[in-house]
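# Topology and contacts: notes
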Amino acid sequence: MEEVICRWAGRIAAATCGWLLAVAAFDRRGGWSGIGMGSCAHWLAWRCGIGLRTAREQVATARALESLPVILAAFAAGTVSCAKVRAVTRVAELATEEMWLARARRCSAGQVERLVRSYRQANGDPKVRRAARRVAWTFDGDGMLCLRAVLSPDEGARLITALDAARASLEDTTPLAGDTPSPDGETPNSEGPGDAGAGGAPVDGERVVAARDRQRCWSAWAVTG
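Note that this is a predicted model, so its numbers are computed, not measured.

## Brief notes about the pattern of salt bridges
Close approach of charged atoms lets side chains of opposite charge pair. For the structure on display, the rule yields six salt bridges. A salt bridge links E66 to R28; its shortest N-O distance comes to 2.3 Å. Taken together, the residues E66 in the loop between α3 (52–65) and α4 (69–76) and R28 in helix α1 (residues 2–28) connect sequence positions 38 residues apart. With relative accessibility at 41%, the residue E66 sits in the partly exposed group. On the basis of relative accessible area, R28 is assigned to the exposed category, the value being 52%.

## Details of the nonpolar core
The biggest cluster of nonpolar side chains holds 32 residues, and the ones touching the most others in it are L65, I71, F75, V80 and V112. Secondary-structure elements contributing two or more residues to this core are α1, α2 (40–47), α3, α4, α5 (82–88), α6 (97–106) and α7 (109–123). Among all residues touching V112, those that are not within four sequence positions of it are K84, A87, V88, R103, A104 and C107.

## A short note on α4
Among the residues of α4, I71, L72, A74 and F75 are the ones counted as buried. Down the axis of α4, the sector holding all buried residues measures 165 degrees, keeping them to one side. For α4, the secondary structure elements touched by its buried residues are α1, α3, α5 and α6. Following α4 by one or two positions, G78 has its phi on the positive side, about 80 degrees.

## Here's the deal with the packing of α4 against α6
Where α4 contacts α6, the two axes come as close as 8 Å, and the packing angle between them is 30 degrees. Residue-level inspection shows P69, V70, I71 and A74 of α4 in contact with α6, the latter providing E97, E98, L101 and R105. Of the residues that constitute the contact of α4 with α6, the class distribution is five nonpolar, no polar and three charged.

## Here's the deal with the packing of aromatic side chains
Here the structure, examined in full by the defined rule, presents two aromatic pairs. On the basis of an interplanar angle of 40 degrees and a centroid distance of 4.4 Å, the ring pair of F26 and W43 is categorised as tilted. In this pair, F26 is assigned in helix α1 and W43 in helix α2, connecting sequence segments 17 residues apart. Consider the rings of W100 and Y119, whose centres lie 5.4 Å apart with planes at 85 degrees: the pair is edge-to-face. A residue pair is termed long-range when its members are at least 10 positions apart, and W100 in helix α6 and Y119 in helix α7 qualify at 19 residues. Stacked on the ring of W8, the Lys or Arg R11 has its end atom at 4.8 Å from the ring centre. The ring centre of W46 lies 5.4 Å from the NZ or CZ of R47, which sits over that ring.

## Re the pairing of strand β1 (residues 134–139)
When you tally the buried positions in β1, you get zero out of six residues, a small fraction of the element. Bridge count between β1 and strand β2 (residues 145–150): six bridges; the pairing is antiparallel. Pairing of A136 across the sheet is with R148, part of β2.

## Some thoughts on α1
Over its 27 residues, α1 extends 39 Å from the first C-alpha to the last, a length consistent with the 39 Å expected when each residue adds 1.5 Å. By the burial criterion, the buried members of α1 are G10, A13, C17, L20, V23, A24, A25 and D27. Residues of α1 that are buried sit in contact with α2, α3 and α4. Immediately downstream of α1, the backbone of G30 shows phi near 70 degrees, a positive value.

## Concerning the packing of α1 against α2
Viewed as axis vectors pointing N to C, α1 and α2 meet at an angle of 125 degrees, and their least axial separation amounts to 10 Å. Taken together, the axis directions place α1 and α2 in an arrangement best described as oblique. Handedness of the crossing formed by α1 with α2: right-handed. Note on element contacts: α2 touches α1 through C40, W43 and L44, opposite W19, V23, F26 and D27. By residue class, the composition of the contact of α1 with α2 is six nonpolar, no polar and one charged.

## Focus: a nonpolar patch on the surface
Nonpolar side chains collect at one region of the surface, where V135, W137, F139, L145, L147, L151 and L163 lie side by side and expose about 690 Å² of accessible area between them. Secondary structure elements with two or more residues in the nonpolar patch: β1 and β2. With three residues, β1 is the largest single contributor of residues to the nonpolar patch. Tracing the backbone shows V135 in strand β1. Using a relative accessible area of 42% as the deciding quantity, one classes V135 as partly exposed.

Rules of the game
Residues numbered from 1 in each chain as written. Predicted model: local features only at pLDDT ≥ 70, side-chain atom pairs only at ≥ 80, totals over all residues. Heavy atoms only, no water. Salt bridge = Lys/Arg side-chain N within 4 Å of Asp/Glu carboxyl O. Helix = DSSP H or I, 4+ residues; strand = E, 2+ residues; numbered from the N terminus. Buried < 20%, exposed > 50% of the residue type's maximum accessible area, 1.4 Å probe, protein only. Core = buried A, V, L, I, M, F, W, Y, C linked by side-chain atoms within 4.5 Å. Contact = heavy atoms within 4.5 Å. Arc of directions from axis to C-beta. Axes fitted to C-alpha atoms, helices over the stretch in contact; angles between N-to-C directions. Nonpolar A, V, L, I, M, F, W, Y, C, P; charged D, E, K, R; others polar. Phe/Tyr/Trp six-rings, centres within 6.5 Å; stacked < 30°, edge-to-face > 60°. Lys NZ or Arg CZ within 6 Å of the ring centre and 35° of its normal. Pairing = 2+ DSSP bridges. Expected span 1.5 Å × (residues − 1). Parallel < 35°, antiparallel > 145°, perpendicular 65-115°, else oblique. Left-handed = near helix turned anticlockwise from the far one by under 90°. Patch = residues over 30% accessible without salt bridge, like charges linked within 9 Å, V, L, I, M, F, W, Y side chains within 5 Å. Areas by Shrake-Rupley, 256 points an atom, 1.4 Å probe, with all protein chains shown as cover.

Listed below in structure tokens is the structure:
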């Protein structure tokens, strides 16, 4: 059974290679245009029933394969998997494809992905990386915050540290300064009955932040800190 499974894996890789070459030719000839489609990837998602993100990756891989004859030959022979080919075609060039193919044959698909990611981080254009940075958030139907960020490794590490510190602050039940009653029964920062500290309305333009409102305060600190 092991031999049968491996043979089928090679056949699937070879068939995928042929399919990608057909996609590349279809895209090059503009066969998808003229029918209301935005790109070849949109056409693939519509006609072949695949996700748009996957379709974009397949179109990019198909285009790259046309200029990488060594990797293309190995892929067509079924000796290297589609996952490895998809990874190495992101960085391989005509002068370096043999080196990347050798690594793909010796490493697992996950290892190849990590190698490619590290290579792109070390050799990518800093201007392109800076332009790709973004942070976006939305709220789902249950009111939960959904955060998506594309940041450099250093910026990502700082964001994670800030989030961890904020979470620890939210879980901390230690009384904050000014919350401990004095011997006469009043807090050190208590004010008169008509003041904002006792629940009165704040003066126009005055910014009032409750001492225990950590959940709202930490976000500003995380962004500016």
